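Structural characterization, general
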Amino acid sequence: MQLQWHEKFKVLINNRWLVFVCAMWVQSCAGVGYLFGSISPVIKSAMGYDQRQVAFLGVAKDLGDSIGFVAGSLCEVLPIWVILLIGVVQNFVGYGLVWLVVAGVLPALPFWVLCLALFVGTNGETYFNTAALVSCVQNFPKSRGPVVGILKGFAGLSGAILTQIYLMINFPNESSLIFMVAVAPTIVVIALMFIIRPVGGHKQVKPSDNSSFFFTYSVCLILAIYLLAVLVIEDLVDVSQAIITLFAVILILFILLPVIIPIRLVFFSGPRPPAEESLLSEAQKQEASKSEQGVNEIILSEVEDEKPPEVDSLPASERKKRIAHLQAKLFQAAAEGAVRRRKGPRRGEDFTLMQALRKADFWLIFFSLVLASGSGLAVIDNFGQICESLGYDDTTIYVSMISIWNFLGRVGGGYFSELVIRKYAYPRPVTMAMVQVIMAIGLFYATMGWPGEIYVLTVLIGLGYGAHWAIVPASASELFGLKSFGALYNFLTLASPVGSLIFSGVIASGIYDYYADLQAGLSHQNSKAMLAIPLRDDDLTCLGTICYSITFGILSGLCLVATVLSLIVVYRTKRVYANLYGNSQG
């Protein structure tokens, strides 16, 4: 009996669902960059920095969160546990140094040292993200959308999760939040780093996988509703420390709940029935059949490259004859080993990053992401000021709400993009075009200044921005393969900060300052007329829908341009997705 349990424990450690659940836990504390809004006031007051210096600290944090080339490249040559360990060291050293300085344990260091420390600490989360996504996408190759959506969703929620745990512990001073950011991910990742890895998950497919994903989605939905309720209660009511502790304990239980799936599969599932065995063997035969058809797919792809441009203008009957003749010649060449592969791998095969950078589809996805995701991030980064300009005194609840909708967008984006592929046989990027239209509608609504615009923005921008980070990584893995997925994913993550730098740092802030100056000029005139004390330049604030309405209009148009780019990708990749999923079932 003891031997049997020992064997089952070994099976559990190598179960792909346990790897997935542990990756969720890592992601739950990996998004430390989302806490910058909470720790920056602590750094500012302790170090005596002005707002411009705090902004530079934010830039250092954003750069650390975006530059993942090293993590993606190392993931191809090092074990996953080493990748996680590098992230742990960076996170602990970077944020640990910031805490030592802010808490007064170390003397004040030059400003550039703190910028570097924040860069290094936040860059550690790129290693957590890369390790979790690469492992789970390889373990669930036929469920990439749900897997990426759930993992990215938990990363987006990590700020709210860590905040609740911080409130539960009730540290004596505010600088302890920085200490927790340095220590909590370190403890969690070290405990799990030998579990998170590829385990040959494509051989562990079971009919119960659909119900397991449904259970995971249910937990995600309940978790989002619960966190939203907790945020509202804590904002409206002065709750006691005992209630805060209870909230945090329930939250931790929700996060731990998905571990039921691998435990049930390993310890409480009987041997596979004959029907299931035959079902799986049939699926394996289909996979083998698909691999045997690889040469045929190459031939079809070669036809597109080799046919002369004038063929498309011929009558249908003549065009068919010419293509059939060319196809016969290519089949003969293939039999003789003479099919030319001048341009490297085909879409759907394994690309390196450099090979992908030579493909139009990769750049179409990247620029679509720059326009749409960059627009969404620009709104999120300015959401506090947007709320203030519309007359909302307490902006915290709305900022927290957009984080919850961001989480639901990531989880929902993965689910619906998978549904579109499996049920309707459309390429995954079609869902990216759909959410970009939704974002354009939300931004246009805000442009017009119609009633309830803050709620429309909260829901539609949160959902749309979050959905991109479930759809795009899964699409990249399907079109450009899993071999260099870490490098491909980390390159695509540059799109958001690039877009936000232009749309927020130039467009939104420029328009906001212009109208703030106009309003300040009117206030100065009125104050002089009334012999009042004039406003200082530091008090410049823009009020009213005019502050951001032009920005919203520009961003709405950019989202529509992004939609066009996504639809071009859809048109160009129809055959790839038909080959990948045409005969598969969820």
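This write-up is about the structure you can find in this document. All values reported here derive from a predicted model rather than from experimental measurement. (Residues numbered from 1 in each chain as written. Predicted model: local features only at pLDDT ≥ 70, side-chain atom pairs only at ≥ 80, totals over all residues. Heavy atoms only, no water.)

Describing helix 11 (residues 241–256)
With 16 residues, helix 11 should cover 22 Å at 1.5 Å per step; its first-to-last C-alpha distance of 23 Å lies within 8% of that length. The set of residues buried in helix 11 consists of Ile244, Phe247, Ala248, Leu251, Phe254 and Ile255. The arc enclosing the buried residues of helix 11, seen along the axis, measures out at 115°, which places them on a common side. Facing away from the buried surface of helix 11 by more than 90 degrees, the exposed residues are Ala242 and Leu253. Considering only its buried residues, helix 11 is in contact with helix 2 (16–28), helix 8 (144–169) and helix 10 (209–236). (Helix = DSSP H or I, 4+ residues; strand = E, 2+ residues; numbered from the N terminus. Expected span 1.5 Å × (residues − 1). Buried < 20%, exposed > 50% of the residue type's maximum accessible area, 1.4 Å probe, protein only. Arc of directions from axis to C-beta. Contact = heavy atoms within 4.5 Å.)

Some words on the nonpolar core
One finds Phe20, Ile150, Ile196 and Phe383 to be the most contacted residues of the largest nonpolar core, which totals 128 residues. Non-local contacts of Phe20, meaning those with residues more than four positions away in its chain, are made with Cys136, Phe140, Val147, Ile150, Leu151 and Phe213. (Core = buried A, V, L, I, M, F, W, Y, C linked by side-chain atoms within 4.5 Å.)

Thoughts on the state of the cysteines
The term disulfide refers to a covalent linkage connecting the sulfur atoms of a pair of cysteines. Per the counting criterion, the structure on display carries one disulfide. Here Cys542 connects covalently by a disulfide to Cys547, the sulfurs 2.0 Å from one another. An S-S torsion of about -95° defines the bridge between Cys542 and Cys547 as left-handed. No difference in accessibility class separates Cys542 from Cys547, as the two residues are buried. (Disulfide = S-S within 2.5 Å.)

Regarding the packing of helix 20 (residues 429–448) against helix 24 (residues 546–572)
Between helix 20 and helix 24, whose axes approach to 8 Å, the crossing angle comes to 165°. In this view, helix 20 runs roughly antiparallel relative to helix 24, as classed from their interaxial angle. The two elements helix 20 and helix 24 meet at a crossing, and its hand is left-handed. Residue classes in the contact of helix 20 with helix 24 are distributed as 18 nonpolar, seven polar and no charged. (Axes fitted to C-alpha atoms, helices over the stretch in contact; angles between N-to-C directions. Parallel < 35°, antiparallel > 145°, perpendicular 65-115°, else oblique. Left-handed = near helix turned anticlockwise from the far one by under 90°. Nonpolar A, V, L, I, M, F, W, Y, C, P; charged D, E, K, R; others polar.)

Re the side chain of Gln164
In this structure, Gln164 sits in helix 8. Beyond its immediate chain neighbours, meaning those up to four positions away, Gln164 contacts Leu227, Val230, Leu231, Glu234, Ala248 and Leu251.

Concerning the packing of aromatic side chains
Scanning the entire structure with this criterion turns up 28 aromatic pairs. Centroid distance Trp17 to Phe140: 5.2 Å. Interplanar angle 80°. Geometry classified as edge-to-face. Here the residue Trp17 occupies a position in helix 2, and Phe140 occupies one in the loop between helix 7 (111–139) and helix 8, the gap between them amounting to 123 residues. Owing to a relative accessible area of 1%, Phe140 belongs among the buried residues under this scheme. (Phe/Tyr/Trp six-rings, centres within 6.5 Å; stacked < 30°, edge-to-face > 60°.)

What to know about the pattern of salt bridges
A complete count under the given rule lists five salt bridges for this structure. For Asp361, the salt bridge is made with Arg572, and the minimal N-O distance between the two is 2.5 Å. Of this pair, Asp361 sits in helix 17 (residues 360–381) while Arg572 sits in helix 24, and the two are 211 residues apart along the sequence. Close ionic contact of Glu418 with Arg422 constitutes a salt bridge, the shortest N to O distance being 3.0 Å. Linking Glu418 with Arg422, this pair stays in helix 19 (residues 396–424), spanning four residues, or about one helical turn. Overall, Glu418 belongs to the buried group, its relative accessible area being 8%. Overlapping salt bridges bring together Glu418, Arg422, Arg428 and Glu478 as one network. (Salt bridge = Lys/Arg side-chain N within 4 Å of Asp/Glu carboxyl O.)

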